[in-house]
Amino acid sequence: MPGRFSSMSQNTGLTFGQKVWSINWGMVFLIILIFSVGFAMLFSAGNGNVNPWASRQAIRFGGGLLLMLSVALIDIRLWFRYSYALYFIALFLLVAVEVMGTVGMGAQRWIDLKVIQLQPSEIMKVCLILALARYFNGVSVEDIGRPTYLLIPLALIAAPAALVLKQPDLGTTVMLVMAAGAVFFCAGVRLWKFAIVGAAGLAAIPIGWQFLHDYQKARVMTFMNPETDPLGTGYHIMQAMIALGSGGMFGKGFLLGSQSHLNFLPEKQTDFIFTMLAEEFGMVGGLGLIGLYILLIIYGIAISLRTRNQFGRLLAIGLTTNLFLYVFINIAMVMGLIPVVGVPLPLISYGGTAMLTVMVGLGLVISVYVHRDTFISRRGVTEEL
């Protein structure tokens, strides 16, 4: 029996009550607070009515909160054991999208489960990080320096990235690659290798441009100069900029945003919800929400630094980077700093799969915290569970 538990830590015998007590409740409160802002903005988007968006989102968040806490209480060694299986399930769902996926807004990204429109690319954001964290947990620093040891994790990234890009979903593809890059960096991959990949990416831009869809090319050209077609491809970003500017320092007041309530602002309940918040609460409100996100990201980084096992460390930093990318890309997009892509604002934008994916990701980060003293050997613990 001693050999069976040789790689487990002193907190292996945590009771259910001890695990509940170990949950980072400050982080949970912060998550609820951010969602409350989102609920208020969806209430405003519905013109002072909980229907059609706020009530549904509240139900989803309630279920998501229970799911997040359940994920947090599951032994981190189980997540380690089944990380590859979850990755291949997510990859299978991405393939299923190509076969039986439903089309929405010109893209084939969803599987209709009647109860919810499942978007497998969102699920893959979490599963890819799980798989990479497990792989690098078993690789020594010396082996990471050898290019051959990077072929498998590169293949783990390339397969879903290619499938998501084909949907087409450039924004999610970028998030998959960048979050994976954070895991690579924290695992010990040298900076010069990132420089080579970056240089190769820049050199491939002229070639990649030829493979972009027409609407994607239009988004890039609109980003460069949105005034060229203010009533066409530039309409979204122009209206978003007007809403952001009209809010001023303190905003026009709750439920008093003219751009959103007169229906000038497109997709106000999803991708462009931050502009509605900035119009109604001004720069102060916008910076306040960004401040809450920064606190949540700091929690994730601190948890990553605190945990004893490499798997948990990489998992927490990868999922925290994924959260940061959600926030950064969405806000930069509506401010005209990057081309428009379909990336929601976490816990704020209306949506099912994205909400549940974010909650599961946060649940895994909290699980890392709960099991922060669990030791996972380089060889892993699957045979010892």
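Every value quoted in this text rests on a predicted model; they were computed, and no experiment measured them.

## Re the packing of aromatic side chains
Within a pair of aromatic rings, the relevant descriptors are the distance that separates the centres and the angle that separates the planes.
Line of reasoning, step 1. As enumerated under the stated definition, the model contains ten aromatic pairs in all.
Line of reasoning, step 2. Here the aromatic rings of Phe35 and Phe39 are separated by 6.3 Å at their centres, their planes lie at 50°, and the arrangement is tilted. With Phe35 and Phe39 both in helix 2 (residues 25-45) and four residues apart, this pair spans about one turn of that helix.
Line of reasoning, step 3. For the ring pair Phe185 and Phe194, a centre distance of 6.3 Å and an interplane angle of 65° mean the geometry is edge-to-face.
Line of reasoning, step 4. A connected cluster of aromatic rings, assembled from ring pairs, spans Phe35, Phe39 and Phe61.
Line of reasoning, step 5. Lying over the aromatic face of Phe80, Arg134 brings its terminal NZ or CZ to 4.8 Å of the ring centre.
Line of reasoning, step 6. Taking NZ or CZ as reference, Arg372 lies 4.2 Å from the ring centre of Tyr369, over its face.

## Notes on the packing of helix 2 against helix 15 (residues 273-306)
Each pair of packed helices can be described by the angle between their axes along with the distance between the axes.
Line of reasoning, step 1. Two numbers describe how helix 2 lies on helix 15: the axes approach to 10 Å, and their chain directions differ by 160°. When the axes of helix 2 and helix 15 are compared, the pair comes out roughly antiparallel. The handedness of the crossing between helix 2 and helix 15 is left-handed. In this structure, helix 2 contributes Gly26, Met27, Leu30, Ile31, Leu33, Ile34, Val37, Met41, Leu42, Ser44 and Ala45 to the contact, and helix 15 contributes Ile273, Met276, Leu277, Glu280, Phe281, Leu289, Leu292, Tyr293, Leu295, Leu296, Tyr299 and Ile303.
Line of reasoning, step 2. Residue classes in the contact of helix 2 with helix 15 are distributed as 20 nonpolar, two polar and one charged.

## Overview of the pattern of salt bridges
Line of reasoning, step 1. As enumerated under the stated definition, the model contains six salt bridges in all.
Line of reasoning, step 2. A salt bridge links Glu98 to Lys166; the nearest nitrogen and oxygen atoms lie 3.1 Å apart. Residue Glu98 is located in helix 5 (residues 83-100), and its partner Lys166 is located in helix 8 (residues 151-166); the two are separated by 68 residues in the primary sequence.
Line of reasoning, step 3. With its nearest N and O atoms 3.1 Å apart, the salt bridge here joins Arg146 to Asp143.
Line of reasoning, step 4. Here Asp143 falls in the buried class, since its relative accessible area comes to 16%.

## Comments concerning helix 6 (residues 120-137)
Line of reasoning, step 1. Between its first and last C-alpha atoms helix 6 spans 25 Å; for 18 residues at 1.5 Å apiece the expected length is 26 Å, and the two agree.
Line of reasoning, step 2. Its maximal kink placed at Val126, helix 6 deviates by approximately 25°.
Line of reasoning, step 3. With 17 of its 18 residues buried, helix 6 lies for the most part within the structure.

## So, the side chain of Thr173
Line of reasoning, step 1. Following the sequence through the fold, Thr173 ends up in helix 9 (residues 170-187).
Line of reasoning, step 2. The class of Thr173 is buried, set by a relative accessible area of 9%.
Line of reasoning, step 3. From its side chain, Thr173 meets the backbone oxygen of Asp169 in a polar contact 2.8 Å long.
Line of reasoning, step 4. When near neighbours in sequence (up to four residues on either side) are disregarded, Thr173 contacts Ala161, Val164 and Leu165.

## Focus on the environment of Ser36
Line of reasoning, step 1. Mapped onto the elements of the fold, Ser36 is located in helix 2.
Line of reasoning, step 2. Using a relative accessible area of 36% as the deciding quantity, one classes Ser36 as partly exposed.
Line of reasoning, step 3. Each C-alpha atom, one on Ser36 and one on Leu347, is 8.7 Å from the other, the two residues being 311 residues apart in sequence.

## Some words on empty space enclosed by the protein
Line of reasoning, step 1. Evaluated as defined, the whole model comprises two cavities of 30 Å³ or more.
Line of reasoning, step 2. Leu319, Leu323, Val358, Gly361 and Leu362 are the residues nearest the centre of the largest cavity, which is lined by 15 residues in total.
Line of reasoning, step 3. Elements that contribute at least two residues to the lining of the largest cavity include exactly helix 15, helix 16 (310-334) and helix 17 (353-370).
Line of reasoning, step 4. Taken together, the residues of the lining of the largest cavity break down into ten nonpolar, five polar and no charged.
Line of reasoning, step 5. Quantified by volume, the second largest cavity comes out at close to 60 Å³.
Line of reasoning, step 6. In this structure, the second largest cavity is lined by Gln57, Tyr326, Pro344, Leu345, Pro346, Leu347, Ser349, Tyr350, Gly351, Ala354, Met355 and Val358.
Line of reasoning, step 7. The element contributing the most residues to the lining of the second largest cavity is helix 17, with three residues.
Line of reasoning, step 8. Looking at the lining of the second largest cavity residue by residue, the class counts come to nine nonpolar, three polar and no charged.

Reading the values: the criteria
Here the residue numbering is sequential within each chain, running from 1 through the sequence in written order. Local features in a predicted model are, by the rule used here, given only for residues with pLDDT of at least 70; side-chain atom pairs are given and counted only at 80 or more, and totals for whole chains, interfaces and linings are based on all residues. Where side-chain values are given, they derive from all heavy atoms of the structure, hydrogens and water being excluded. Any pair of Phe, Tyr and Trp rings, taking the six-membered ring for Trp, is counted once the centres come within 6.5 Å. Such a pair is stacked with planes under 30 degrees apart, edge-to-face with planes over 60 apart, and tilted for the rest. Elements are defined by DSSP. Helices are runs of H or I of four residues or more, strands are runs of E of two residues or more, and each kind is numbered from the N terminus. Here, over-ring charges are defined by two tests on the NZ atom of lysine or the CZ atom of arginine: distance to the ring centre within 6 Å, and angle to the ring normal within 35 degrees. Angles here are taken between N-to-C directions and fall from 0 to 180 degrees, while the axes themselves are lines fitted to C-alpha atoms, restricted in helices to the stretch in contact. Roughly parallel here means an angle under 35 degrees, roughly antiparallel means over 145, roughly perpendicular means 65 to 115, and every remaining angle is called oblique. Left-handed describes a crossing whose near helix is turned anticlockwise from the far helix through less than a right angle; right-handed describes the clockwise counterpart. By the convention used here, residues are in contact when the closest approach between their heavy atoms is within 4.5 Å. Amino acids are sorted into nonpolar (Ala, Val, Leu, Ile, Met, Phe, Trp, Tyr, Cys and Pro), charged (Asp, Glu, Lys and Arg) and polar (every other residue, Gly among them). The term salt bridge refers to a pairing of a side-chain nitrogen on Lys or Arg with a carboxyl oxygen on Asp or Glu at a separation within 4 Å. When accessible area is computed with a 1.4 Å probe and restricted to protein chains, residues below 20% of their type maximum are described as buried, those above 50% as exposed, and intermediate ones as partly exposed. Every helix has an expected span of 1.5 Å times one less than the residues it contains. To get the bend at any residue, fit one axis to the seven residues that end at it and another to the seven that begin at it, then take the angle between the two axes. Between N or O atoms, a polar contact is any pair within 3.5 Å; within protein, one atom must be a potential hydrogen donor and the other a potential acceptor, and residues adjacent in sequence are included only when both atoms are from side chains. Grid points spaced at 1 Å over the protein atoms alone were grouped into cavities, where a 1.4 Å probe fits but cannot get out, and pockets, open sets with protein on both sides within 12 Å along at least five of seven lines, with lining residues defined by an atom within 4 Å of a point. Grid points are joined across faces, edges and corners, and a volume is the space filled by probe spheres set on the points.

Don't take any of this as a statement about function, it's just geometry.
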